[in-house]
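Listed here are the chains, written in short residue letters.
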Amino acid sequence: MIVPVPVPKDALDAFASQIPAEIISSDTKIDFVCAAKGGATLDSIYEGVIADAFCLEAGARSEDEGYDAVCVNSMSDSGVAALRSRLSIPVVGTAQATYHLASQLGKKFSILSMWDRWQWLYEKVLQEQGLLDRLASIRSIGVRPDTAALLAGKEDSVFPELLRAAELAVEVDGADLLVLGSTTMHQSHTFLSENLSVPVLNPGLVGFATCTMLINLNAAHSKRSFIPPERVIDDIFATRMCGMRREEKI
């Protein structure tokens, strides 16, 4: 499970804690890792491209290391296409998996978001998957995300705001169900599910369940769609930039 921005170990532990022990089989081991470098919040296409590269770096050797599947634990699906090109084991994009599941469970779904600046990443994946017409709305509460502490300590302020946004999505926008707009929001899932009359999908769990399903089905992406490279150059991330730096120019 790859988090596409650098985060401390406590945050990785918080991401891992959302997966209930009872749904993890005794022979399954889940490792949460993060991108070695990059921005903090995926606030722009600029940060998104950096995340693509460092998610590729984080997962490129996973098959050689004995992993059975890789999941990008983010609604950005950073580096998913590149990892599918590099690997033969299943590579799951959390956003793709969640949006397609939402499309099976209702006619229209809304995304509950913390931050307006995440709209670009929702639209990117929805457009790639041809699912924009299934989107009822994106409702943001305008709170800058904290990728280290996640929602810990913010329950009293953030949860009611998310609930109000969710109610508007259902009553005004016509959503049949709701999708949490970030895996950093997983701590709000139980609260929202208990206070709403429509389903609420937690993307982190959907991503994990999709990995498990694909492993059990012995299924993975088509290599006709995700053509493998003629030459593997995973060590490119460890090499220095070619040419002279500006201050070295004569």
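Higher on the page you've got the structure.
Structural notes, computed from the coordinates. Small disclaimer: the values here were computed from a predicted structure and weren't measured. Note on numbering: residues in each chain are counted from 1, in written sequence order. With pLDDT at 70 or above as the cut-off, local features in this predicted model cover only qualifying residues; side-chain atom pairs require 80 or more to be listed or tallied, and sums for whole chains, interfaces and linings still use all residues. The side-chain values count all of the structure's non-hydrogen atoms but skip hydrogen atoms and water molecules.

**Considering the packing of aromatic side chains**
To pair, rings of Phe, Tyr and Trp, with the six-membered ring standing in for Trp, must have centres within 6.5 Å; the planes then decide the type, stacked if under 30 degrees apart, edge-to-face if over 60, and tilted in the middle. One pass over the full model with this rule turns up 4 aromatic pairs. Ring centres 6.2 Å apart and planes at 85° place the aromatic pair tryptophan 115 and tryptophan 118 in the edge-to-face group. The residues tryptophan 115 and tryptophan 118 share a single accessibility class, namely buried. When the centroid spacing of 5.3 Å and the interplanar angle of 35° are considered together, the rings of phenylalanine 159 and phenylalanine 191 count as tilted. On the criterion of sequence distance, the pair formed by phenylalanine 159 in helix H6 (residues 155-171) and phenylalanine 191 in helix H7 (residues 189-195) is long-range, its members being 32 residues apart. Whether a residue is buried, partly exposed or exposed follows from its accessible area with a 1.4 Å probe, protein chains only, as a fraction of its type maximum: under 20%, in between, or over 50%, in that order. By definition, any uninterrupted DSSP run of H or I lasting at least four residues is a helix, any uninterrupted run of E lasting at least two residues is a strand, and each is numbered from the N terminus.

**Overview of unusual backbone geometry**
One non-glycine residue, leucine 42, lies in the positive phi region at around 55°. Relative to the helices and strands, leucine 42 resides in the loop between strand S2 (33-34) and helix H2 (45-59). Residue class for leucine 42 comes out buried when judged on its relative accessible area of 7%. The phi dihedral of aspartate 77 falls on the positive side, at around 50°, and the residue is not glycine. Tracing the backbone shows aspartate 77 in the loop between strand S3 (70-72) and helix H3 (80-86). Residue class for aspartate 77 comes out buried when judged on its relative accessible area of 5%.

**Quick look at the environment of leucine 105**
Within the secondary structure, leucine 105 sits in helix H4 (residues 94-105). Spatially, the C-alpha atom of leucine 105 lies 7.7 Å from that of leucine 177, the residues being 72 residues apart in sequence. The contact partners of leucine 105, leaving out residues within four places of it in the chain, are Leu177 and Leu201. Every residue pair with non-hydrogen atoms within 4.5 Å of one another is taken to be in contact.

**Some remarks on the packing of H4 against helix H5 (residues 119-129)**
Contact geometry of H4 with H5 gives a least axis separation of 10 Å together with a crossing angle of 65°. Seen from above, H4 lies across H5 with right-handed handedness. Between H4, through Ala95, Gln96, Tyr99 and His100, and H5, the contact on the second element is made entirely by Tyr122, Val125, Leu126 and Gln129. Side-chain classes follow a simple rule in which Ala, Val, Leu, Ile, Met, Phe, Trp, Tyr, Cys and Pro form the nonpolar group, Asp, Glu, Lys and Arg form the charged group, and the remainder, Gly included, forms the polar group. Looking at side-chain class alone, the contact of H4 with H5 contains 5 nonpolar, 3 polar and no charged residues. An axis is simply a line fitted to the C-alpha atoms; with a helix, the fit covers only the stretch in contact. Between two such axes, the angle follows the N-to-C directions and lies from 0 to 180 degrees. Rotating anticlockwise by less than a right angle from the far helix to the near helix defines a left-handed crossing, while the corresponding clockwise rotation defines a right-handed one.

**Side note on the state of the cysteines**
Should the sulfur atoms of two cysteines be covalently bonded, the bond is a disulfide. Any cysteine sulfur atom paired with another within 2.5 Å is treated as part of a disulfide. For the coordinates displayed, the defined rule picks out 0 disulfides. The thiol of cysteine 71 is unpaired, and the distance to the nearest cysteine sulfur, on cysteine 211, comes to 4.4 Å.

**Looking at H4**
In this model, H4 (12 residues) spans 17 Å end to end at C-alpha, consistent with the 16 Å of a helix rising 1.5 Å per residue. Listing the buried residues of H4 in full gives Thr94, Ala95, Gln96, Ala97, Thr98, Tyr99, Ala102 and Ser103. Expected helix span is computed as 1.5 Å times (number of residues minus one).

**Structural notes on the pairing of strand S6 (residues 135-140)**
In the sheet, strand S5 (residues 109-113) pairs with S6 via 5 bridges, with the strands oriented parallel. For phenylalanine 109, the partnering residue across the bridge sits in S6 and is leucine 135. Viewed along the sheet, the connection from S5 through H5 into S6 turns out right-handed. Between any two strands, pairing holds if DSSP finds at least two bridges. Crossovers are marked right-handed if the path from the first strand over the helix to the second runs clockwise, as seen with the strands pointing away from the viewer.

**Quick word on helix H8 (residues 203-217)**
Counting along an α-helix, one turn takes 3.6 residues, and residues three or four places apart therefore face a common direction. Over its 15 residues, H8 runs 21 Å from end to end, which matches the ideal 21 Å to within 8%, given 1.5 Å per residue. Those residues of H8 that sit buried are Pro203, Gly204, Val206, Gly207, Phe208, Thr210, Cys211 and Leu214. The inward-facing, buried residues of H8 contact S3, strand S4 (91-93), H4, strand S7 (177-180) and strand S8 (200-201). A positive phi of about 55° marks asparagine 218, the residue just after H8.

**Details of the nonpolar core**
Side chains of a nonpolar character, in soluble globular proteins, are inclined to be buried together. Definition used in this section: a nonpolar core is a set of buried Ala, Val, Leu, Ile, Met, Phe, Trp, Tyr and Cys residues joined via side-chain atoms within 4.5 Å. Among the nonpolar cores identified, the biggest contains 55 residues, and Tyr99, Phe109, Leu178 and Leu192 are the most heavily contacted of them. Elements that contribute at least two residues to this core include exactly helix H1 (9-17), H4, S5, H5, H6, S7, S8 and H8. In terms of residue count, H6 provides more of this core than any other element does, 7 residues in total. Those residues in contact with leucine 178, other than ones at most four positions away along the chain, are Ser110, Leu112, Ala166, Ala169, Val170, Leu196, Val198, Pro199, Val200 and Leu201. Residues Ile2, Val70, Leu83 and Ile89 belong to the second largest nonpolar core, which totals 9 residues.

**Some details on the pattern of salt bridges**
The salt bridge definition used is simple: a Lys or Arg side-chain nitrogen within 4 Å of an Asp or Glu carboxyl oxygen. Summed over all chains, the structure comprises 7 salt bridges. In this structure, aspartate 173 engages arginine 139 in a salt bridge whose closest nitrogen and oxygen atoms are separated by 2.8 Å. Note that aspartate 173 is positioned in the loop between H6 and S7 and arginine 139 in strand S6, a separation of 34 residues in sequence. Looking at arginine 139, the relative accessible area reads 24%, which means it is partly exposed. Where glutamate 161 meets arginine 164, a salt bridge forms, and the shortest distance between an N and an O atom there is 2.4 Å. In this pair, glutamate 161 and arginine 164 are both assigned in helix H6, 3 residues apart and thus about one turn of the helix distant. Judged by relative accessible area, which is 33%, glutamate 161 ranks as partly exposed. The partly exposed category is assigned to arginine 164, whose relative accessible area is 45%. What emerges from the salt-bridge pattern is a single network uniting Asp64, Arg86 and Asp234.

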